[in-house]
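# Overview (structure and organization)
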Amino acid sequence: VQLQASGGGSVPAGGSLRLSCAASGGTFSRRAMGWFRQAPGKEREFVAAIWWSTGTPFYADSVQGRFTIHRDNAKNTVYLQMNSLKPEDTAVYYCAAGGSLILSSIRIPGAYGYWGQGTQVTVSS
């Protein structure tokens, strides 16, 4: 299973970007897909995730109300719409998929077994 992330770029503060993450290479039972980010010198942190069977979204407090995660079952793709971007959103964004994680661990990077390559998001002030 491979995850291909795309859609990063550079925008001014207040701008928008949409990230995509497509799963390919085989079938797997995924319980959730999520987005994490890592800024230089910082640990990887949870951004958003979606419980695949129900489409229920989960967000970090720092992005609630600005970011929206949704999925397209037919395309095996998850999207992250990012609006009202701030300089502190600058990071490498990674998508992840988990086949055996439980709901209470949806915000934990170690709960995910598959990771994409990362895409850079830069927000200038």
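Calculation criteria
- Residues numbered from 1 in each chain as written.
- Predicted model: local features only at pLDDT ≥ 70, side-chain atom pairs only at ≥ 80, totals over all residues.
- Heavy atoms only, no water.
- Pairing = 2+ DSSP bridges.
- Helix = DSSP H or I, 4+ residues; strand = E, 2+ residues; numbered from the N terminus.
- Axes fitted to C-alpha atoms, helices over the stretch in contact; angles between N-to-C directions.
- Disulfide = S-S within 2.5 Å.
- Buried < 20%, exposed > 50% of the residue type's maximum accessible area, 1.4 Å probe, protein only.

### Details of the sheet that holds strand S8 (residues 77–82)
Taken together, four strands build an open sheet; the order of strands is S1-S3-S8-S7 and the sheet is antiparallel. Strands at the two margins of the open sheet, each flanked by one partner only, are strand S1 (2–6) and strand S7 (67–72). In this sheet, adjacent strand axes meet at a mean angle of 15° when their direction is disregarded. Sheet topology note: the S1/strand S3 (residues 17–24) ladder contains five bridges and is antiparallel.

### Digging into the state of the cysteines
As used here, a disulfide is simply a covalent bond connecting the sulfur atoms of two cysteines. According to the stated counting rule, one finds one disulfide in the structure shown. Residue Cys21 pairs covalently with Cys95 via a disulfide, S to S 2.1 Å. The sign of the 55° torsion about the S-S bond sets the Cys21-Cys95 disulfide as right-handed. Here Cys21, found in strand S3, pairs with Cys95, found in strand S9 (residues 91–98); they are 74 residues apart in sequence, far enough to count as distant. Considered together, Cys21 and Cys95 belong to a single accessibility category, that of buried residues.

### Focus on the pairing of strand S4 (residues 32–38)
Burial analysis of S4 places six of its seven residues in the buried class, which makes it a mostly covered element. Here six bridges tie S4 to strand S5 (residues 45–51), and the two strands are oriented antiparallel to one another. In the sheet register, Trp35 faces S5, and the bridge partner there is Ala48. A loop of six residues connects S4 with S5, the two strands running antiparallel in sequence, and Gly41 in this loop sits at a positive phi of about 80°.

### Things to note about the pairing of S5
Most of S5 is tucked away: six of the seven residues are buried. Relative to strand S6 (residues 56–59), S5 is paired through four bridges, and the arrangement is antiparallel. Opposite Ala49, over in S6, you have Phe58 as the bridge partner. Hairpin connection, S5 to S6: the antiparallel pair is bridged by four residues, and Gly55 has positive phi, about 80°.

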